[in-house]
Amino acid sequence: MLLDKINTPSDIKNLSVEQLNQLAEEIRQFLIENLATTGGHFGSNLGAVELTLALHQVFDSPKDKIIWDVGHQAYVHKILTGRKHLFPSLRKFKGMAGFPKRSESEHDMFDVGHASTSISAAMGYATARDIAGEDHKVIAVIGDGSMTGGMAFEALNHAGHVGTDMLVVLNDNEMSIAPNVGAISNYLTKLRVDPTYSSFKKDVVNFLHKFGDLGDKTTRLIDRFKDSFKSFIVPGMLFEEFGFTYLGPINGHDLPTLLTYMQRAKKTKGPVLLHVVTQKGKGYAVAADAPDKMHSVSKGFNVVKGDTPKVVKPAPPQYPNLFAETMIELAKRDPDLVAITPAMLPGSGLIKFQEAFPERCFDVGIAEQHSATFAAGLACGGKKPVLAIYSTFLQRAYDQAIHDIAIQNLPVTIAIDRAGLVGNDGETHQGAFDIAFLRCVPNFTIMAPKDENEFRHMLYTGVNHNGPIAMRYPRGGGVGVAMDADFKMLPIGKSETVREGKDIAILALGSMVQVAEKAADVLHESGIDAKVVNMRFVKPLDEELLLDLAKQGMRIVTIEEGSTIGGMGSAVMEFYALQRIYGMEIYPMGLPDLFIEHGDPQQLLDHVGLNADSVVELVKSMAPLKQKRA
Ligand SMILES: Cc1ncc(C[n+]2csc(CCOP(=O)(O)OP(=O)(O)O)c2C)c(N)n1
Ligand SMILES: CC(=O)[C@@H](O)[C@H](O)COP(=O)(O)O
Ligand SMILES: [Mg+2]
């Protein structure tokens with residue numbers, strides 16, 4: 001096997017095209033076999049095999065800097081840069097990361113995970129090179145989906161203006177996670193599928209010449225025609241207008257073409273954009289036929305059937321499914337309800353809602369900033385928008401949440417999925433900060449359901465609340481409780497005491513309520529009587545509860561699946577300080593002031609001490625209760 005002999009990029013430098021094609025097939029087989037065991041991003045990597053081989057044959061990493069966008073398609077890059085042997089540990093705790101990471105390899109130039117950053121990072125590298133008078137190449141590899149992210153165009157604009165020597169390889173497979181959307185995507189489709197646009201330009205010019213030579217008039221007429229149509233007729237004119245030399249579109253699986261064009265790009269001065277057309281899932285029929293479903297696969301997925309064995313026992317409802325079902329129920333009652341997702345239609349669960357209400361579901365592409373202000377505009381227009389967005393991606397829309405939603409106090413509901421430790425995607429994707437960064441924003445209400453039943457009531461409460469409201473919930477599902485027949489409005493800022501107790505109060509939020517209940521059961525066996533409160537709301541807090549606990553001189557543990565700094569525990573401590581109530585013993589438990597690496601979610605929760613055992617250990621470690629204050 002050729003692949004056995006490949007350990008660094010130099011090992012492929014002298015391979016012939018035939019050998020590269022053979023290596024490509026071996027790499028595809030390697031990916032399919034390994035990902036069937038570990039899970040991970042699948043379709044994107046199968047589609048980037050030849051592209052990555054060509055990059056590493058033409059350019060000299062790490063002297064030349066290759067920067068990946070999102071980085072979910074960089075498994076082949078990792079195979080070629082000495083990490084084949086790490087694939088069994090892919091995305092596992094203390095194992096190889098699922099995205100490029102500078103701490104993992106000298107060939108990983110930039111830590112990625114969020115889309116549309118590669119061109120900006122490449123521009124930074126190239127500018128640093130130029131200041132230092134160095135001469136290496138800088139290449140950004142960005143997908144068509146990531147190209148719908150606004151910051152990609154901010155970087156194109158800057159690079160084109162400066163004229164920096166750099167190469168942007170646009171890997172266009174017509175897919176984001178779901179089929180790609182937007183005018184950019186349509187434009188790329190035109191470039192991809194209809195070369196007649198360039199021949200159309202010739203026809204127009206010939207036709208105009210038929211008017212005979214009107215001297216300057218003909219020339220002006222031709223120029224006007226060309227100018228008015230050029231962004232459609234001349235391939236890549238959009239990118240040319242940004243100051244880039246556009247090359248392509250070329251077949252991103254044809255190695256001779258890839259090599260030729262990459263060599264040409266390497267010799268071209270200034271910013272160059274090479275448009276390659278690939279197939280997501282190439283080489284594995286099931287993935288190629290269902291590139292959205294095979295964007296990523298779970299561990300244990302069946303290579304032959306291309307599916308993951310269903311869980312035998314009925315698992316509790318998964319939150320994305322419950323979200324879609326609840327949204328459909330609510331949308332039937334309220335014609336003003338609309339849903340927005342920034343390119344996460346499958347992950348958010350909204351595919352079913354889109355099928356039911358196609359005219360009320362908006363996938364805006366990888367455009368989180370736009371999605372939030374679009375929601376604000378919809379609200380001003382009389383609609384009831386629900387923005388479905390992962391916690392980590394909401395970070396991209398923070399100013400919009402403040403400037404466009406909160407200041408105007410608009411009735412926008414933000415359904416924050418993947419809030420808490422998402423697990424295998426690691427540092428760039430943990431939903432750690434949403435409580436902290438939203439809590440300080442005036443007008444926002446922040447809540448978290450303890451289970452799937454409360455999830456429905458909270459979403460109902462959210463869409464009927466007249467102001468900005470965020471509901472955060474974890475990746476995965478509920479806990480397996482019965483569901484109420486109908487919805488009920490939850491009183492804003494009111495908690496729910498799920499267990500009475502006199503020795504200590506555990507104030508738990510969302511996914512941590514069940515952890516607190518388990519801890520209370522164990523503490524009970526040791527004669528410690530713990531009160532468990534489902535806080536439900538981080539903002540506003542249940543002040544009556546907190547004042548009551550102060551009167552009782554109760555010790556308090558707070559526990560949340562979000563950063564301790566700035567979280568619900570901070571809010572409780574701030575409350576007592578602002579109320580000038582001193583001497584309270586408060587023990588906040590949450591995510592530490594660290595970026596949490598990849599691993600299975602429960603493993604990570606145990607690693608950071610967000611589990612029942614840690615609560616029990618903390619409570620038992622406390623010194624005997626001081627004399628209760630009168
Ligand atoms: C800011 C941000 N929003 C959303 C995502 C989720 N996401 C990961 S990959 C992906 C699709 C990327 O499409 P493309 O760039 O075309 O790459 P492909 O998967 O087609 O290779 C999305 C939306 C993300 N990583 N970052
Ligand atoms: C790379 C990326 O950002 C997405 O593919 C993300 O990994 C999806 O996460 P979920 O699997 O939680 O939907
Ligand atoms: Mg794509």
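Residues numbered from 1 in each chain as written. Chains lettered and ligands numbered in written order. Predicted model: local features only at pLDDT ≥ 70, side-chain atom pairs only at ≥ 80, totals over all residues. Heavy atoms only, no water.

- The name an unreviewed UniProt entry assigns to the protein is 1-deoxy-D-xylulose-5-phosphate synthase, from the organism Tumebacillus flagellatus.
- UniProt's Sequence similarities (unreviewed entry) comment on the protein is quoted here verbatim: "Belongs to the transketolase family. DXPS subfamily."
- Quoted verbatim from the Pathway (unreviewed entry) field of the UniProt record, the comment on the protein reads "Metabolic intermediate biosynthesis; 1-deoxy-D-xylulose 5-phosphate biosynthesis; 1-deoxy-D-xylulose 5-phosphate from D-glyceraldehyde 3-phosphate and pyruvate: step 1/1." (UniProt positions renumbered as here; feature names shortened; annotations may be inferred.)

**A closer look at the coordination of the magnesium ion (ligand 3)**
- Only Asp144 (OD), Asn173 (OD1) and Met175 (O) from the protein coordinate the magnesium ion (ligand 3), and they sit 2.0 to 2.1 Å from it.
- For the magnesium ion (ligand 3), all donor residues lie on one chain, and their spacing in sequence is D-x28-N-x1-M. Comparing asparagine 173 with methionine 175 shows no difference in burial state: the two are buried. (Donors = N, O, S within 2.8 Å, 3.2 Å for Na, K, Ca; no water. Buried < 20%, exposed > 50% of the residue type's maximum accessible area, 1.4 Å probe, protein only.)

**Looking at the side chain of serine 614**
- As for its placement among the helices and strands, serine 614 is situated in helix H25 (residues 612-621).
- Taking relative accessible area as the criterion, serine 614 reaches 18% and is therefore assigned buried.
- Of the polar contacts made by the side chain of serine 614, one reaches the side chain of asparagine 611; its length is 2.6 Å.
- In this structure serine 614 touches Met589 and Gly609, once residues within four positions along its chain are discounted. (Helix = DSSP H or I, 4+ residues; strand = E, 2+ residues; numbered from the N terminus. Polar contact = N/O pair within 3.5 Å; in protein donor to acceptor, adjacent residues only side chain to side chain. Contact = heavy atoms within 4.5 Å.)

**Considerations on the UniProt feature "domain: Transketolase-like pyrimidine-binding" (unreviewed entry) in the protein**
- Those places that UniProt annotates as "domain: Transketolase-like pyrimidine-binding" (unreviewed entry) correspond, in this numbering, to residues 317-481.
- Between the first and last C-alpha atoms of residues 317-481 the distance is 9 Å; the span itself is 42% helix and 16% strand.

**Re the environment of threonine 268**
- As for its placement among the helices and strands, threonine 268 is situated in the loop between helix H11 (255-267) and strand E6 (271-277).
- Taking the relative accessible area as the measure of exposure, threonine 268 reaches 23% and is therefore partly exposed.
- Along the primary structure threonine 268 and leucine 167 are separated by 101 residues, whereas in three dimensions their C-alpha atoms are 9.1 Å apart.
- Here arginine 264 takes part through its backbone oxygen, which lies 2.7 Å from a polar atom of the side chain of threonine 268.

**Quick word on the UniProt feature "binding site: thiamine diphosphate" (unreviewed entry) in the protein**
- When the UniProt feature table is mapped onto this chain numbering, "binding site: thiamine diphosphate" (unreviewed entry) sits at His72, Gly113, His114, Ala115, Gly145, Ser146, Asn173, Tyr284 and Glu368. Spatially, the listed residues are scattered: they cover 297 residues, and their C-alpha atoms lie as much as 31.6 Å apart.
- Along the chain, histidine 72 falls in the loop between strand E2 (65-68) and helix H4 (75-83).
- When near neighbours in sequence (up to four residues on either side) are disregarded, histidine 72 contacts His41, Ser44, Asn45, Gly98, Phe99 and His295.
- Looking at histidine 72, its side chain comes within polar contact range of the side chain of serine 44, at 3.1 Å.
- Secondary-structure assignment places glycine 113 in the loop between H4 and helix H5 (118-132).
- Look at glycine 113 and you get buried, because its relative accessible area is 4%.

**Quick look at the sheet that holds E2**
- With respect to topology, five strands assemble into an open sheet ordered E2-E3-E4-E6-E5, the strand pairing being parallel. Sheet topology places E2 and strand E5 (245-251) at the edges, where each strand pairs with a single neighbour. Each neighbouring strand pair of the sheet contributes to a mean axis angle of 20°, computed without reference to strand direction.
- Here strand E4 (residues 166-172) pairs with E6 via seven bridges, running parallel. Its bridge partner being in E6, valine 169 is matched across the sheet by leucine 274.
- With respect to the sheet, helix H3 (residues 49-58) is in contact with E2, strand E3 (138-143), E4 and E6, its orientation differing from that of E2 by roughly 160°. (Pairing = 2+ DSSP bridges. Axes fitted to C-alpha atoms, helices over the stretch in contact; angles between N-to-C directions.)

**Remarks on the packing of helix H1 (residues 17-38) against H4**
- Their axes nearest at 11 Å, the elements H1 and H4 cross at an angle of 110°. By the criterion of interaxial angle, the relationship of H1 to H4 is roughly perpendicular. On the side of H1, the interface is formed by Ile27, Phe30, Leu31 and Leu35, while H4 contributes Tyr75, Val76, Ile79 and Leu80. (Parallel < 35°, antiparallel > 145°, perpendicular 65-115°, else oblique.)

**Here's the deal with the packing of aromatic side chains**
- One pass over the structure, following the stated rule, counts 18 aromatic pairs.
- With 6.0 Å between their ring centres and 75° between their planes, tyrosine 75 and phenylalanine 87 make a pair best called edge-to-face. Here tyrosine 75, found in helix H4, pairs with phenylalanine 87, found in the loop between H4 and H5; they are twelve residues apart in sequence, far enough to count as distant.
- The exposure class assigned to tyrosine 75 is buried, which follows from its relative accessible area of 0%. (Phe/Tyr/Trp six-rings, centres within 6.5 Å; stacked < 30°, edge-to-face > 60°.)

**Examining the confidence of the model for the protein**
- On average, residues of the protein carry a pLDDT of 93, and 92% of them reach 70 or more.
- Overall fold confidence for the complex sits at a pTM of 0.93, while the interface term, ipTM, reaches 0.99. (pLDDT = per-residue confidence, 0-100.)

**Considering the pattern of salt bridges**
- For the coordinates displayed, the defined rule picks out 31 salt bridges.
- Glutamate 104 is paired through a salt bridge with arginine 83; the nearest N and O atoms lie 2.9 Å apart. Here arginine 83 lies in helix H4 and glutamate 104 lies in the loop between H4 and H5, a separation of 21 residues in the sequence.
- With its nearest N and O atoms 3.3 Å apart, the salt bridge here joins lysine 494 to glutamate 544. Taken as a pair, lysine 494 in the loop between strand E13 (469-472) and strand E14 (496-499) and glutamate 544 in helix H22 (residues 543-551) lie far apart in primary sequence, 50 residues in all.
- Exposure remark for lysine 494: the relative accessible area of 32% places this residue in the partly exposed category.
- Exposure remark for glutamate 544: the relative accessible area of 58% places this residue in the exposed category.
- Among the charged side chains, a network of salt bridges with common partners joins Lys78, Arg83, Glu104 and Asp108. (Salt bridge = Lys/Arg side-chain N within 4 Å of Asp/Glu carboxyl O.)

**Describing the packing of H3 against H4**
- Orientation of H3 relative to H4, taken along the N-to-C sense of each, is 40°, at an axis distance of 9 Å. Relative to H4, H3 is oriented oblique. At the point where H3 passes H4, the crossing takes the right-handed sense. The segment H3 lies against H4, with Val49, Thr52, Leu53 and His56 engaging Val76, His77, Leu80 and Thr81.
- Among the residues forming the contact of H3 with H4, the class breakdown is four nonpolar, four polar and no charged. (Left-handed = near helix turned anticlockwise from the far one by under 90°. Nonpolar A, V, L, I, M, F, W, Y, C, P; charged D, E, K, R; others polar.)

**A word on the pairing of E4**
- The element E4 is extensively covered by neighbouring structure, given that seven of its seven residues are classed as buried.
- Residue alternation in E4 divides its side chains into two sets, Met166, Val168, Leu170 and Asp172 and Leu167, Val169 and Asn171, and both sets are buried.
- Relative to E4, E3 runs parallel, the two sharing five bridges. Pairing of isoleucine 139 across the sheet is with leucine 167, part of E4.

**Re the site of ligand 1**
- Ligand 1 sits among 22 residues. The nearest are His72, Gly145, Ser146, Lys280 and Glu368.
- Taking glycine 113, its main chain carries an N or O atom lying 2.9 Å from a nitrogen atom of ligand 1.
- In this structure, lysine 280 approaches ligand 1 through a side-chain N or O atom, which is 2.7 Å from an oxygen atom.
- With the chains in place, 98% of the 570 Å² that ligand 1 exposes on its own is no longer accessible.
- Looking at the shell around ligand 1 residue by residue, the class counts come to eight nonpolar, ten polar and four charged. (Near = heavy atom within 4 Å. Areas by Shrake-Rupley, 256 points an atom, 1.4 Å probe, with all protein chains shown as cover.)

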